[in-house]
Amino acid sequence: MKIYAVSDGPPSLAVRMTLKALNIPHEHVPVDFGKGEHMTEGYAKMNPQKEIPVLEDDGFFLSESNAILQYLCDKYAPDSPLYPKDPKERALVNHRLCFNLSYLYPQISAYVMAPIFFDYERTPMGLKKLHIALTAFETYMSRLGTKFAAGNHLTIADLPLITSVMCLEGISFNIDQYPLVKAWYANFKQQYPELWSISAVGMAEITEFEKNPPDLTGMDHPIHPIKKVKK
């Protein structure tokens, strides 16, 4: 099994944490984002979306990190509490995965990551959207009343959410006004240091890139404007 992933991207980190949690032997194949390796025709044969990460399992290629997390649990740990079988419990896990993918991480990515890697600015509107998403997350935590995002034990729902909030810590964004989210985040770090260590490396890279943006002038991106880095 191979996972084609970057070292600092939240989707990649969530998959790598799941592989670690399930003790699945695998090879991490680094993808050089700065050189645009994910934009090549060779990479597109694995993932036509040209996004990262991609899982290769005995000739089977799978993209979309949420689908990868679900696949890993279903195939290699079908009885794991990481992805519970009870319909309501699983529905909550699936909801949190969708919530992060479609609602929380897009705002975090737009506010934190895009201005680091591309020629975007952090705007008041972007900040407002981010706070709306974090408020929704805080509300879900309050209504459920559990230590983890989808119940009282760790599930794959927590891992993408952790890597999303990790981006905020990477730029020293204060989440004190979201005490339940803050407590959930701190609790994960304390209870699962071996998993957090994977994200911690990525966060350190984000922190460094925040101070010294990477030079992506060699990348020909079809959508995002490339930032001119002063040398």
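In this text, all values refer to a predicted model and were calculated from it rather than measured experimentally.

Draft legend 1. The arrangement of the sheet that holds strand 1 (residues 2–5) in detail. Across the sheet, 4 strands lie side by side as 2-1-3-4; this open sheet has mixed pairing. Edge strands, defined here as strands with exactly one partner in the open sheet, are strand 2 (27–30) and strand 4 (60–63). If you compare each strand with its neighbour and ignore which way they point, the axes differ by 20 degrees on average.

Draft legend 2. Region of the structure containing the side chain of Asp158. Examined against the element boundaries, Asp158 turns out to sit in helix 6 (residues 158–170). The side chain of Asp158 sits in the buried core without any salt bridge; Arg96 is the nearest counter-charge, 7.9 Å away. Contacts of Asp158, omitting those with residues within four sequence positions, involve Phe148, Ala149, His153 and Trp184.

Draft legend 3. The arrangement of the packing of aromatic side chains in detail. Per the stated rule, a full pass over the model turns up 13 aromatic pairs. On the basis of an interplanar angle of 70 degrees and a centroid distance of 6.2 Å, the ring pair of Phe33 and Phe118 is categorised as edge-to-face. Here Phe33 is found in the loop between strand 2 and helix 2 (41–46), whereas its partner Phe118 is found in the loop between helix 4 (87–117) and helix 5 (124–144), with 85 residues between them in sequence. Using a relative accessible area of 24% as the deciding quantity, one classes Phe33 as partly exposed. Relative to Tyr71, the ring of Phe60 has its centre 5.2 Å away and its plane inclined at 45 degrees; by these criteria the two rings are tilted.

Draft legend 4. Molecular detail of the nonpolar core. Core analysis: the biggest nonpolar cluster contains 65 residues, and Val112, Phe137 and Trp184 have the highest contact counts within it. For this core, the secondary-structure elements that each account for two or more residues are strand 1, helix 1 (10–21), helix 3 (65–76), helix 4, helix 5, helix 6, helix 7 (179–191) and helix 8 (193–211). Examining the composition of this core, we find that 11 residues originate from one element, helix 4, more than from any other. The next biggest cluster of nonpolar side chains, apart from the first, holds 8 residues, and it includes Tyr4, Tyr43, Ile52 and Val54.

Conventions and cut-offs
- Residues numbered from 1 in each chain as written.
- Predicted model: local features only at pLDDT ≥ 70, side-chain atom pairs only at ≥ 80, totals over all residues.
- Heavy atoms only, no water.
- Pairing = 2+ DSSP bridges.
- Helix = DSSP H or I, 4+ residues; strand = E, 2+ residues; numbered from the N terminus.
- Axes fitted to C-alpha atoms, helices over the stretch in contact; angles between N-to-C directions.
- Buried < 20%, exposed > 50% of the residue type's maximum accessible area, 1.4 Å probe, protein only.
- Lys, Arg positive; Asp, Glu negative; His and termini not counted.
- Salt bridge = Lys/Arg side-chain N within 4 Å of Asp/Glu carboxyl O.
- Contact = heavy atoms within 4.5 Å.
- Phe/Tyr/Trp six-rings, centres within 6.5 Å; stacked < 30°, edge-to-face > 60°.
- Core = buried A, V, L, I, M, F, W, Y, C linked by side-chain atoms within 4.5 Å.

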